[in-house]
Amino acid sequence: GKGARNWVVENLHDGVVSEARFSVDIRPDEIASAIRGKPLPPRAYELDFNVEDVSFSYLGDMPPVSGADATARLNPKVFDLSLTGPADLNVGRGRIAVTGGRFYVDDLRPEPAIGQITLGLSGDAAAISELLNYEPLNLAARRGVNPSQISGTADVEVSLVTPLAKDVKFADVE
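These numbers were taken from a predicted model, which means no experiment stands behind them.

So, how was this worked out
- Residues numbered from 1 in each chain as written.
- Predicted model: local features only at pLDDT ≥ 70, side-chain atom pairs only at ≥ 80, totals over all residues.
- Heavy atoms only, no water.
- Helix = DSSP H or I, 4+ residues; strand = E, 2+ residues; numbered from the N terminus.
- Buried < 20%, exposed > 50% of the residue type's maximum accessible area, 1.4 Å probe, protein only.
- Polar contact = N/O pair within 3.5 Å; in protein donor to acceptor, adjacent residues only side chain to side chain.
- Contact = heavy atoms within 4.5 Å.
- Salt bridge = Lys/Arg side-chain N within 4 Å of Asp/Glu carboxyl O.
- Phe/Tyr/Trp six-rings, centres within 6.5 Å; stacked < 30°, edge-to-face > 60°.
- Lys NZ or Arg CZ within 6 Å of the ring centre and 35° of its normal.

1. What about the side chain of D48?
Reasoning step 1: With respect to the helices and strands, the residue D48 is situated in strand β2 (residues 45–56).
Reasoning step 2: The buried category is assigned to D48, whose relative accessible area is 15%.
Reasoning step 3: In this structure the side chain of D48 is engaged in a polar contact, spanning 2.5 Å, whose partner is the side chain of R21.
Reasoning step 4: For D48, the side chain forms a polar contact with the side chain of R73, separated by 2.5 Å.
Reasoning step 5: Those residues in contact with D48 that lie beyond four places of it in its chain are E19, A20, R21, A72 and R73.

2. Digging into the environment of A70
Reasoning step 1: With respect to the secondary-structure elements, A70 resides in strand β3 (residues 65–74).
Reasoning step 2: As for A70 and D155, which are separated by 85 residues in sequence, their C-alpha atoms are 21 Å apart.
Reasoning step 3: The residues touching A70, leaving out its near neighbours within four places in the chain, are F49, N50, V51, L81, S82, L83 and T84.

3. Brief notes about the pattern of salt bridges
Reasoning step 1: For the structure shown, the criterion picks out 11 salt bridges.
Reasoning step 2: The shortest N-O distance in the salt bridge between E46 and R73 comes to 3.5 Å. Taken together, the positions of E46 in strand β2 and R73 in strand β3 put the pair 27 residues apart, joining distant regions of the chain.
Reasoning step 3: Across the pair R93 and E130 runs a salt bridge whose closest N-O atoms are separated by 3.5 Å. With R93 in the loop between β5 (87–91) and β6 (94–105) and E130 in helix α3 (residues 125–131), this residue pair connects regions lying 37 residues apart in the sequence.
Reasoning step 4: Overall, the relative accessible area of 17% leaves E130 in the buried class.
Reasoning step 5: Salt bridges here are not isolated pairs; linked through shared partners, they connect R21, E46, D48 and R73.

4. Overview of the environment of N90
Reasoning step 1: On the secondary structure map, N90 appears in strand β5.
Reasoning step 2: Through-space distance from the C-alpha of N90 to that of M62 is 9.9 Å; in sequence the pair is 28 residues apart.

5. What to know about the packing of aromatic side chains
Reasoning step 1: Following the criterion strictly, the structure yields two aromatic pairs and no others.
Reasoning step 2: Ring geometry for F22 against Y45: centres 6.2 Å apart, planes inclined by 35°, an arrangement best described as tilted. In this pair, F22 sits in strand β1 (residues 12–24) while Y45 sits in strand β2, placing the two residues 23 residues apart along the sequence.
Reasoning step 3: Residue classification places F22 among the exposed residues on the basis of a relative accessible area of 53%.
Reasoning step 4: Residue Y45 is classed as partly exposed on the basis of its relative accessible area, which comes to 24%.
Reasoning step 5: Above the ring of Y104, the side-chain terminus of R102 is found at 4.3 Å from the ring centroid.

This is how it looks when you write it as structure tokens:
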């Protein structure tokens, strides 16, 4: 839907499309139905592309992922982006390595669409705790954890399910 497209436009900041393939398979009766508001079938079009050095935001005030390479697929129903190499997140306590990730929307049509986000993180445990303390999550504060009192390193997989809308609140995120 329109909200999902707006979310992607607002949250993808940089990057270069290095390769793309676009295919179309729409019958005339499907065009007429689409004009009347019926969704196009998933096979109507498909855009597969690779992006390099992309930066993107994913939730609220959390710092963006930067320097990512990814592959993506878009059709009238689904958007699926998977990181293909390492990337970075920077917080006040330092750099966090993004070791993998995926952004997946299984149905773009509802308002708001629901995005599934997974990120593999590796680095300083205090920096990762700080990251998880940004709005709207505030996980460290909700658990009574002070990031400055944490030491060591950590490997973490973050998995979020969130509406693709502005002003998402903690209660909206799984």
